[in-house]
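Architecture at a glance
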Amino acid sequence: VKQLGGWGAEKLGRLKLNGQLVGYSPLSRLVELDGLVVGVTGKLALWRALESVAKSDPRLEQADLARLIERAERQLARVEERRLAAAALALTC
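All values derive from a computational prediction rather than experimental measurement. (Residues numbered from 1 in each chain as written. Predicted model: local features only at pLDDT ≥ 70, side-chain atom pairs only at ≥ 80, totals over all residues. Heavy atoms only, no water.)

Right, let's get into the pattern of salt bridges. Pairing between side chains of opposite charge can happen when their charged atoms approach one another. For the coordinates displayed, the defined rule picks out seven salt bridges. The shortest N-O distance in the salt bridge between R67 and D64 comes to 3.5 Å. A relative accessible area of 43% means that R67 is categorised as partly exposed. By relative accessible area, which is 40% here, D64 ends up partly exposed. Salt-bridge contacts for R83 lead to E80; the nearest nitrogen and oxygen are separated by 2.9 Å. Placement of the pair is R83 and E80 together in helix 3 (residues 65-91), with a separation of three residues, close to one helical turn. (Salt bridge = Lys/Arg side-chain N within 4 Å of Asp/Glu carboxyl O. Buried < 20%, exposed > 50% of the residue type's maximum accessible area, 1.4 Å probe, protein only. Helix = DSSP H or I, 4+ residues; strand = E, 2+ residues; numbered from the N terminus.)

Structure below.
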C-alpha cells in the first residue's frame, strides 16, 4: 500500500500548470536552474563565512577556502549564463 501510495504521489506531483501535460516545459528548466543558483549561492556564502573566521579557528587551517570560493564563483557564473538563456526561452511568447 505504501509503495502504491508513493507511486501515485509521484505521478500527482508531476502534474503542474506548465502548458505541458506529459512533456518538459521551458519553464521547468528555468525553475531548476533557479534552484541551482540558490544552492551555489548558499555554498559560496558558507565558504566566505568560514574564510572570515579561518584565522581564529585552527580546525580550518587545512581547508583551501580560497579555492572553494573560486570554484563556487565559476559554478555560479556558468549556471547564471544558462539560467538567463532559459529565461529568454521560457518567458518570451
